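# Reading the structure
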Amino acid sequence: MTPEAFVHNLGRHRTTAIIRTSDSELAAAAMAAAIAGGIRFVEFGAGTVLDAAQVERAVEAGASFLVSPVFDPAIVRAASEAGS
């Protein structure tokens, strides 16, 4: 999904579920419950990225979008280098 499509769809659905667990079975059950309840966007695990090291870990774990509370050139540079 392109960033533009993501923003469009998020605006259309207006909600997202955030799942935080290291238990894959629990994560799958929570995702199924969210989808059954009408949620169309689910965020897993990485949470808010605060520094370049967290960018690297999130991308290694499969993140394709990153969220940071502020504009930090080091985070942007790390994300760009990682291809996120």
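As the structure is a computational prediction, the values presented were derived from the model and not from experiment. (Residues numbered from 1 in each chain as written. Predicted model: local features only at pLDDT ≥ 70, side-chain atom pairs only at ≥ 80, totals over all residues. Heavy atoms only, no water.)

## A word on the nonpolar core
Quick reminder of the rule: Definition of nonpolar core: a set of buried residues of the types Ala, Val, Leu, Ile, Met, Phe, Trp, Tyr and Cys, connected through side-chain atoms within 4.5 Å. To sort residues, take the accessible area from a 1.4 Å probe on protein chains only and compare it with the maximum for the residue type: under 20% means buried, over 50% means exposed, and anything in between is partly exposed. Counting from the N terminus, the helices are the DSSP runs of H or I reaching at least four residues and the strands are the DSSP runs of E reaching at least two. By definition, residues are in contact when any of their heavy atoms lie within 4.5 Å.
Counting residues in each nonpolar core, the largest one holds 5 residues, listed as V49, V55, I75, A78 and A79. In terms of residue count, the dominant contributor to this core is helix α4 (residues 73-82) (3 residues). Sequence-distant contacts of V55, that is, excluding residues within four places in its chain, are made with V49, L66, I75, A78 and A79.

## A look at the packing of helix α3 (residues 52-60) against α4
Put simply, the test is: An axis is simply a line fitted to the C-alpha atoms; with a helix, the fit covers only the stretch in contact. Between two such axes, the angle follows the N-to-C directions and lies from 0 to 180 degrees. Reported orientations rely on four angle classes, namely roughly parallel under 35 degrees, roughly antiparallel over 145, roughly perpendicular from 65 to 115, and oblique for the rest. Less than a right angle of anticlockwise turn of the near helix away from the far helix marks a crossing as left-handed, whereas a clockwise turn marks it as right-handed. Amino acids outside the nonpolar list (Ala, Val, Leu, Ile, Met, Phe, Trp, Tyr, Cys, Pro) and the charged list (Asp, Glu, Lys, Arg) are all regarded as polar, and Gly is one of them.
Close contact between α3 and α4 brings their axes to 8 Å; oriented N to C, the two are set at 30°. Judged by the inter-axis angle, α3 sits roughly parallel to α4. Considering only the axes of α3 and α4, their crossing is right-handed. For the pair α3 and α4, the contacting residues are A52, V55 and V59 in the first and A74, I75, A78, A79 and A82 in the second. When the residues that make up the contact of α3 with α4 are grouped by side-chain class, the tally is 8 nonpolar, no polar and no charged.

## Here's the deal with a nonpolar patch on the surface
Applicable threshold: The patches described consist of residues with a relative accessible area above 30% and no salt bridge, like charges being joined within 9 Å and nonpolar side chains (Val, Leu, Ile, Met, Phe, Trp, Tyr) within 5 Å. We get accessible surface area from the Shrake-Rupley algorithm with a probe of 1.4 Å; when it comes to residues, only the shown protein chains can shield them. Salt-bridge detection follows one rule: a side-chain nitrogen of Lys or Arg within 4 Å of a carboxyl oxygen of Asp or Glu.
Taken together, the side chains of M31, I35 and F44 make up a nonpolar region of the molecular surface, amounting to roughly 250 Å² of accessible area. Examined against the element boundaries, M31 turns out to sit in helix α2 (residues 24-36).

## A closer look at the environment of R14
Residue placement: R14 occurs in the loop between α1 (3-13) and β1 (17-19). Distance in space between the C-alpha atoms of R14 and A74 is 30 Å, their sequence separation being 60 residues.

This is a description of form; function is not addressed.
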